[in-house]
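Okay, here's what each chain looks like letter by letter:
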Amino acid sequence: MVIRIAAVGDVHLDEDVVGRFRPALEELPGCADVLLLAGDLTRHGTEAEARCVAREFGDLGVPVITVLGNHDHQCDEVPQVVKVLEDAGIIVLEGTGTVVDTPGGRLGVAGVKGFGGGFAGRCASDFGEPEMKAFVRTTRESADSLAGALLSLECDALVALTHYSPVPDTLAGEPLEIYPFLGCYQLGQAIDSAPTTLALHGHAHHGTERGTTPGGVRVRNVAHPVIKQAYSVFHLGGDQLD
C-alpha cells in the first residue's frame, strides 16, 4: 500500500497572489491523500493574509496540515493566524502531531516551526551572554518538542514537518554565512530519535531539494522557489520514496 503526500512551503500569500495555486490544488484528490505545508504561508503574518491562505488551501478534499514559518510570526498575530487557519479546517502543528487515515495506511505527521542554530562544527552554543543562551534554548526546546511529538504517534508511516532545515544538505546554494539562521542539527537529532520515514521543510529559497539526516532519514526541501511548482508529491510505501 502507498501513502501519497503532497507538500509545499514558502508560498507567502497575500491579496496580490491569492489564487495562484488554486487550479493545481483542485487536482489534489486525484494525486494525493494529504497536503503538508512547510511554513511561511504569509508574507508578514497578518490575520488578513491568513484569510488568503484559508481561501487558497481550505476545502480541498484532502486533509491539510501545516506548521508556521518565521514570516508567519512577523506581525505578532500568531493566535489570530492560527484561528483563521483552523476555522478553515487546516491542522496547525507546533510541537504536536496528528494521525490521518489514508487508503494506504495511517499517516502520522509531527510538526514544529523549528529554529536556527547551525550544524555540527559550526553551531551556536549555550554559553556566554543571556541572549545567546536564550537563542540556543529556543533551538533545543523546539527540537525536543518535535522528538516528543514524533515518538507519541502510532501510525504506519511517520513524517516530520518543519520550516527550518534539519540538515545542511538541503541548504546547498545558500550563502554559508546564513546556514545558522536556516536550520539546526538538533532538529535532525529529533527526527533520528523516532522511526521517521520522511522529513519535509522549507525556508531555504535558494537551497537544494534532497538531503539525508545522519541517521539516514530522507529530507526534502519543499520551498516553492526550490520545487518551482504548486506542490511535490511523495509516495510512501515499503522502502520507496518518489
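Higher on the page you've got the structure.
Bear in mind the structure is a predicted one, so any value in this text is a computation, not a measurement. (Residues numbered from 1 in each chain as written. Predicted model: local features only at pLDDT ≥ 70, side-chain atom pairs only at ≥ 80, totals over all residues. Heavy atoms only, no water.)

Undergrad: What am I meant to see in the pattern of salt bridges here?
TA: Pairing between side chains becomes possible if they bear opposite charge and their charged atoms approach one another. The tally for this structure, following the rule as stated, stands at seven salt bridges. A salt bridge links Asp 33 to Arg 4, with the nearest nitrogen and oxygen atoms 3.0 Å apart. Of this pair, Asp 33 sits in the loop between α1 (22-25) and β2 (34-38) while Arg 4 is found in strand β1 (residues 3-8), placing the two residues 29 residues apart along the sequence. The exposure class of Arg 4 is partly exposed, given its relative accessible area of 22%. For Glu 15, the salt bridge is made with Arg 55, and the minimal N-O distance between the two is 3.2 Å. With Glu 15 in the loop between β1 and α1 and Arg 55 in helix α2 (residues 47-57), the pair connects residues that are 40 residues apart, well separated along the chain. (Salt bridge = Lys/Arg side-chain N within 4 Å of Asp/Glu carboxyl O. Helix = DSSP H or I, 4+ residues; strand = E, 2+ residues; numbered from the N terminus. Buried < 20%, exposed > 50% of the residue type's maximum accessible area, 1.4 Å probe, protein only.)

Undergrad: Would you mind showing me how to read the nonpolar core here?
TA: One recurring pattern in soluble globular proteins: nonpolar side chains tend to sit buried together. Ranked by internal contacts, the top residues of the largest apolar core, which has 29 residues, are Leu 25, Leu 28, Leu 35, Phe 57, Leu 60 and Leu 85. Elements that contribute at least two residues to this core include exactly β1, β2, α2 and α3 (78-87). If we skip the residues at most four places from it in the chain, Leu 60 touches Arg 22, Leu 25, Leu 28, Pro 29 and Leu 35. (Core = buried A, V, L, I, M, F, W, Y, C linked by side-chain atoms within 4.5 Å. Contact = heavy atoms within 4.5 Å.)

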